[in-house]
Amino acid sequence: MSMRGRLSYLFNEFEEIAIASLLGMMTVITFANVVARYVFESNLLWALEATTYLFAWLVLFGVSYAVKISAHLGVDALLNRFPPQLQRICGLAAVTACLIFSALLLYGGWDYWSKFAFKLAFLEVEDIPFPVWLQGWLGYIEDGEPFYEKIPRFIPYFILPVGMALLLFRYLQAAWRIWHGEQRLLIASHEVESATENQ
């Protein structure tokens, strides 16, 4: 496989890898906290906050992944009665609205995150510790002292612009497919029909 092919494969599989990794981390942290609580009568103070942030990342990666595989819910009972050309026009109108909406979300996500990244970079999360070795690797140590005790908020909030950029990209891909006649609607899967056919 060529370098371009490998990069394309990695990019196309990015959400799946991220979603699986996030689910795995949430499972491990939750399991470790249960063991700490019921076996050692202790508690991982940062576990709840960490799983909350990981779940937010999971949801925002999942939104773009659902667009990629056409898994978002929609009602197409009326659209299926239209001729194919009119379905395609409706699909283009829908994807245009989705592109505008996701562009607004990207703008809002960047605006919200950038405040924490540039103006309020000193703000930290409540409980999740920021390891000194990681701060050293990222260059957050000055005169031998780390900048942060806890993870700065701009790190977990970074999913806002990233997730919305991925969503915009996936809608652009869907718009390209509809424009070129590879699909007619944003909703390409019909779970009810396939479920009834299988019975």
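For the structure itself, consult the block above.
Attention here is on the structure that accompanies the text. Residue positions within a chain follow its written sequence, with the count starting from 1. Per-residue local features of the predicted model are confined to residues with pLDDT of at least 70, and side-chain atom pairs are confined, for both listing and counting, to 80 or more; whole-chain, interface and lining totals are unaffected and use all residues. Hydrogens and water molecules were not included; the side-chain quantities draw on all heavy atoms of the structure.

1. Digging into helix α3 (residues 47–68)
Since the α-helix turns once every 3.6 residues, residues separated by three or four places project in the same direction.
Next up, step 1: Between its first and last C-alpha, α3 extends 31 Å over 22 residues, near the 32 Å set by a 1.5 Å rise per residue.
Next up, step 2: All buried positions along α3 are accounted for by Ala47, Glu49, Ala50, Thr51, Tyr53, Leu54, Leu58, Leu60, Phe61, Ser64, Ala66 and Val67.
Next up, step 3: Where α3 is buried, its residues touch α2 (14–38), β1 (124–129) and α6 (159–179).
Next up, step 4: The numbering of helices and of strands both runs from the N terminus, where a helix is a DSSP run of H or I of at least 4 residues and a strand a run of E of at least 2. Phi turns positive one or two residues past the end of α3, at Ser70, with a value near 55°. What a helix should span is 1.5 Å times the count of its residues minus one. The buried label goes to any residue with under 20% of its type's maximum accessible area, the exposed label to any with over 50%, and the partly exposed label to all in between, with areas taken from a 1.4 Å probe on protein chains only. Here, two residues are considered to be in contact whenever any of their heavy atoms come within 4.5 Å of each other.

2. Examining the packing of aromatic side chains
The description of two aromatic rings rests on the distance between their centres and on the angle between their planes.
Next up, step 1: Aromatic pairing here means that ring centres of Phe, Tyr or Trp (its six-membered ring) are within 6.5 Å. Orientation follows from the plane angle: under 30 degrees is stacked, over 60 is edge-to-face, and everything else is tilted. Across all of its chains, the model carries 11 aromatic pairs by this definition.
Next up, step 2: Judged by centre distance (5.8 Å) and plane angle (35°), the rings of Tyr112 and Tyr157 are tilted. Here Tyr112, found in helix α4 (residues 84–119), pairs with Tyr157, found in the loop between β4 (150–152) and α6; they are 45 residues apart in sequence, far enough to count as distant.
Next up, step 3: Judged by centre distance (5.0 Å) and plane angle (55°), the rings of Trp113 and Phe158 are tilted. Taken together, the residues span a long stretch of sequence, with Trp113 in helix α4 and Phe158 in the loop between β4 and α6 at a distance of 45 residues.

3. Re the nonpolar core
Next up, step 1: Only buried residues count toward a nonpolar core, which is a set of Ala, Val, Leu, Ile, Met, Phe, Trp, Tyr and Cys residues joined through side-chain atoms within 4.5 Å. Judged by nonpolar contacts, the single largest core of 38 residues is most densely connected at Phe61, Val95, Ile128, Phe154, Tyr171 and Leu186.
Next up, step 2: Counting only elements with at least two residues in this core, the list comes to α2, α3, α4, β1 and α6.
Next up, step 3: With nine residues, α6 is the largest single contributor of residues to this core.
Next up, step 4: If sequence neighbours within four positions are ignored, Leu186 has contacts with Ser70, Ala94, Val95, Cys98, Tyr171, Ala174 and Ile178.

4. Thoughts on the pattern of salt bridges
Next up, step 1: Whenever a carboxyl oxygen of Asp or Glu lies within 4 Å of a side-chain nitrogen of Lys or Arg, that contact is scored as a salt bridge. Evaluated as defined, the whole model comprises four salt bridges.
Next up, step 2: We note a salt bridge from Arg153 to Glu126, for which the minimum N-O separation is 3.5 Å. With Arg153 in the loop between β4 and α6 and Glu126 in strand β1, this pair connects stretches of sequence that are 27 residues apart.

5. Overview of the side chain of Glu15
Next up, step 1: Along the chain, Glu15 turns up in helix α2.
Next up, step 2: Of the residues examined, Glu15 reaches a relative accessible area of 0% and is grouped as buried.
Next up, step 3: Discounting residues that sit within four places of it in the chain, Glu15 has contacts with Phe61, Ser64, Tyr65, Lys68, Leu166 and Arg170.

6. Notes on the environment of Tyr157
Next up, step 1: Its relative accessible area of 15% is what places Tyr157 among the buried residues.
Next up, step 2: It is 8.9 Å that separates the C-alpha atoms of Tyr157 and Trp57, two residues lying 100 residues apart in sequence.

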